[in-house]
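So you can see what is in the structure, the chains are spelled out below.
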Amino acid sequence: MHDDESLTLDPAAAAPERAAGPADATRAPAPADRPTLPVPWVRRLVVVALILAAVNLRPAVTSLGPLLKEVRDDLGMSGTMAGLLTSVPAACFALFGFTAPRLARRFGPGAVVCAGMAAIAGGLLLRPLAGNTAVFLGTSALALAGIAVSNVLMPVMVKRYFPDRVGTVTGVYSMALSLGTAVAAAVTVPLTDALGGSWRWGLGVWAGLAAVAVVPWLPLIRDRSGQRPATRTRTVRDQAATPSASPSASVPAPAHGEHGRISRSRTARMLACYFGLQSTAAYVTMGWMPQVFRDAGLSADKAGLLLALTMVLGVPLSFVLPPLAARMGSQGPIVVTLAVFQLAGFAGLWAAPAAAPWLWALLLGFANCAFPLVLTMIGMRARSGAGVVRLSAFAQSSGYLISIPGPILVGTLNQVSGGWGLPMALMIALVVPQALCGVLAGRNRHIEDEL
């Protein structure tokens, strides 16, 4: 996918959001240019679908953390390979996230998210059947591919169906995401024990929850609510078919947010870097924090509960933080506050993980709210739906690429040093560039003005 490729999601009904002429810059959009608002029952269905999808966007990852030791022992994984396993989510999110806009433009975002939920269910169902590391990685990748495309398109669905409530609805699905993350971390070990003690049953049970999430997306596969009316203008291909037509009358101007390479935008680059560095911290926390606590002498049950505490804090905070951030001109103060919590949490894991484990988990739980914050900023840093699609795909896919080395390096440093001092020192050092990128990304800017 090229940066300057049009990302209009309805190829049968594409109308420019803004005319190219300067005389139109101050003209209010005509009623025909405005999105068609969905009927109330469709919006209610979308809320249910978003919540169920969000609940399933992390159990594939956080259900693994408390059982990572058992999986490693059974499949014979080294520390570096386990680090690679914790980086698979970021790699899949980057790889498949880049394809999400193209798929959404061709099939519609509702259809793509529906397929994503089905992929999650299939991957989680097949993963427990793996007999070696390669198959385990492959089936995990299937589930994570579904998560990846859904991750990118969730802000798009919010902007499309709730353009007047971006912060509130982002908060709702971020809260659901945090709830699913926390529940998976907390109950995976007890479920494993109840089902006979095999990690395979403990991981496989989450496929059922993903299957339920497919259902509300089925009616949305062909829904075109929230898009512009079908006032299609002639394209360059149409003009070539009828060369006598006037070029000025035939060729539509690109919609605002659909022209220029998005990588030229400093705001987009800073959002990508902030997304990547906060993802690094999040996946190190989800993948390695339970192991840090277990190596410090805590039980698997307690390590799972500590991870659940870290994740469950996002439930109330993800509901409060996005609307608060949406009302602020700059999100820099929130970025700095979360960075302080993150610094203190990793410092605690570095100095004395068993001394105050609940405090360290609490601090890292506050820090993990950088995820709903950056999603909110993605929705705010573009003026148009097309701009949000491009920014979401660029920031998330590039960000996840940035985050891939972190968990691998943490696993390698742990294996080489025999402890967690060096890995946690690395995470402490990464807080500074993360905060700097977040402050720059949080300025009141729009990517359309930088292209």
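Residues numbered from 1 in each chain as written. Predicted model: local features only at pLDDT ≥ 70, side-chain atom pairs only at ≥ 80, totals over all residues. Heavy atoms only, no water.

1. Description of the overall build of the chain
Inference 1: The helix and strand inventory of the chain stands at 21 helices and zero strands.
Inference 2: The buried share of the chain, reckoned over its 451 residues, is 55%.
Inference 3: The long-range fraction of contacts in the chain, counting pairs at least 24 apart against all pairs at least 6 apart in sequence, stands at 84%.
Inference 4: Total accessible area on the chain is roughly 17400 Å²; 67% of this is exposed by carbon and sulfur atoms. (Helix = DSSP H or I, 4+ residues; strand = E, 2+ residues; numbered from the N terminus. Buried < 20%, exposed > 50% of the residue type's maximum accessible area, 1.4 Å probe, protein only. Contact = heavy atoms within 4.5 Å. Areas by Shrake-Rupley, 256 points an atom, 1.4 Å probe, with all protein chains shown as cover.)

2. Looking at a nonpolar patch on the surface
Inference 1: A cluster of nonpolar side chains, contributed by Leu-125, Leu-126, Leu-129 and Leu-142, occupies part of the molecular surface with about 400 Å² of accessible area.
Inference 2: Structurally, the position occupied by Leu-126 is in helix H6 (residues 109-126).
Inference 3: Take Leu-126: its relative accessible area is 40%, and that puts it in the partly exposed class. (Patch = residues over 30% accessible without salt bridge, like charges linked within 9 Å, V, L, I, M, F, W, Y side chains within 5 Å. Salt bridge = Lys/Arg side-chain N within 4 Å of Asp/Glu carboxyl O.)

3. Examining the packing of aromatic side chains
Inference 1: Taken as a whole and assessed by the stated rule, the structure comprises six aromatic pairs.
Inference 2: Aromatic pair Tyr-283 and Tyr-400: ring centres 6.5 Å apart, planes at 65°, arrangement edge-to-face. Here the residue Tyr-283 occupies a position in helix H13 (residues 266-295), and Tyr-400 occupies one in helix H19 (residues 385-403), the gap between them amounting to 117 residues.
Inference 3: According to the relative accessible area criterion, Tyr-283 is buried, its value standing at 4%.
Inference 4: The class of Tyr-400 is buried, set by a relative accessible area of 1%.
Inference 5: Summarising the aromatic geometry, the rings of Phe-341 and Phe-366 are spaced 4.9 Å apart at their centres and angled 25° between planes, so their arrangement reads as stacked. Here Phe-341, found in helix H16 (residues 332-351), pairs with Phe-366, found in helix H17 (residues 357-367); they are 25 residues apart in sequence, far enough to count as distant.
Inference 6: Through successive ring pairs, a cluster of aromatic residues spans Phe-275, Tyr-283, Phe-371 and Tyr-400.
Inference 7: We note Arg-58 situated over the ring of Phe-371; from NZ or CZ to the ring centre the distance is 5.0 Å. (Phe/Tyr/Trp six-rings, centres within 6.5 Å; stacked < 30°, edge-to-face > 60°. Lys NZ or Arg CZ within 6 Å of the ring centre and 35° of its normal.)

4. Observations regarding helix H21 (residues 421-441)
Inference 1: If you check H21, its first and last C-alpha atoms are 31 Å apart, about what 21 residues at 1.5 Å a residue would give, namely 30 Å.
Inference 2: The largest bend in H21 comes to about 25°, at Val-431, with the proline Pro-433 one to four residues further on.
Inference 3: Buried residues of H21: Pro-423, Met-424, Met-427, Val-431, Gln-434, Ala-435, Cys-437, Gly-438, Leu-440 and Ala-441, and no others.
Inference 4: Considering only its buried residues, H21 is in contact with H13, H16, helix H18 (370-380) and helix H20 (405-417). (Expected span 1.5 Å × (residues − 1). Bend = angle between axes of the 7 residues up to and from the residue.)

5. Let's talk about the state of the cysteines
Inference 1: Going through the model one piece at a time under the given rule, you end up with zero disulfides.
Inference 2: The thiol of Cys-273 is unpaired, and the distance to the nearest cysteine sulfur, on Cys-437, comes to 4.5 Å.
Inference 3: On the accessibility criterion, Cys-273 (25% relative accessible area) is partly exposed.
Inference 4: Look at Cys-437 and you get buried, because its relative accessible area is 11%. (Disulfide = S-S within 2.5 Å.)

6. Here we look at the packing of H13 against helix H14 (residues 300-312)
Inference 1: In the contact formed by H13 and H14, the axes pass within 9 Å of each other and the chain directions differ by 140°. Judged by the inter-axis angle, H13 sits oblique to H14. Crossing hand, H13 versus H14: right-handed. Where H13 approaches H14, its residues Thr-285, Met-286, Met-289, Pro-290, Phe-293 and Arg-294 are matched on the opposing element by Ala-300, Ala-303, Leu-306, Leu-307, Thr-310 and Met-311.
Inference 2: Its residues assigned to classes, the contact of H13 with H14 shows nine nonpolar, two polar and one charged. (Axes fitted to C-alpha atoms, helices over the stretch in contact; angles between N-to-C directions. Parallel < 35°, antiparallel > 145°, perpendicular 65-115°, else oblique. Left-handed = near helix turned anticlockwise from the far one by under 90°. Nonpolar A, V, L, I, M, F, W, Y, C, P; charged D, E, K, R; others polar.)

7. Quick notes on helix H3 (residues 68-75)
Inference 1: Every buried residue of H3 is listed here: Leu-68, Val-71, Arg-72 and Leu-75. Down the axis of H3, the buried set is contained in an arc of 100°. They therefore lie on one face.
Inference 2: In the stretch just after H3, Gly-76 is the one whose phi turns positive, near 70°. (Arc of directions from axis to C-beta.)

8. Thoughts on the side chain of Gln-331
Inference 1: Along the chain, Gln-331 turns up in the loop between helix H15 (314-327) and H16.
Inference 2: The class of Gln-331 is buried, set by a relative accessible area of 0%.
Inference 3: A polar atom in the side chain of Gln-331 sits 2.8 Å from the side chain of Arg-381.
Inference 4: Those residues in contact with Gln-331 that sit more than four places away from it in its chain are Ala-325, Leu-373, Met-377, Met-380, Arg-381 and Gly-442. (Polar contact = N/O pair within 3.5 Å; in protein donor to acceptor, adjacent residues only side chain to side chain.)

9. Section: the packing of H3 against H13
Inference 1: In the contact formed by H3 and H13, the axes pass within 10 Å of each other and the chain directions differ by 90°. By the angle between their axes, H3 is roughly perpendicular relative to H13. Contact residues: Leu-68, Lys-69, Glu-70 and Arg-72 in H3; Gly-287, Trp-288, Gln-291 and Arg-294 in H13.
Inference 2: The residue inventory of the contact of H3 with H13, partitioned by class, reads two nonpolar, two polar and four charged.

10. Observations regarding the nonpolar core
Inference 1: Core analysis: the biggest nonpolar cluster contains 125 residues, and Leu-50, Phe-136, Trp-217, Leu-349 and Leu-373 have the highest contact counts within it.
Inference 2: Among the elements that line this core, the one with the most residues is H13, at 15 residues.
Inference 3: Residues contacting Leu-373, with those up to four places away along its chain left out, are Tyr-274, Leu-321, Ala-325, Gln-331, Ile-334, Val-335 and Leu-338. (Core = buried A, V, L, I, M, F, W, Y, C linked by side-chain atoms within 4.5 Å.)

11. Thoughts on the confidence of the model for the chain
Inference 1: In the predicted model, the chain carries a mean pLDDT of 79, and the fraction of residues at 70 or more is 83%.
Inference 2: Counting interchain partners and residues more than four positions distant, the pLDDT-below-50 stretch residues 1-33 has 63 contacts.
Inference 3: Here residues 229-255 scores under 50 on pLDDT; set against residues more than four positions off or in separate chains, the count is 34 contacts. (pLDDT = per-residue confidence, 0-100.)

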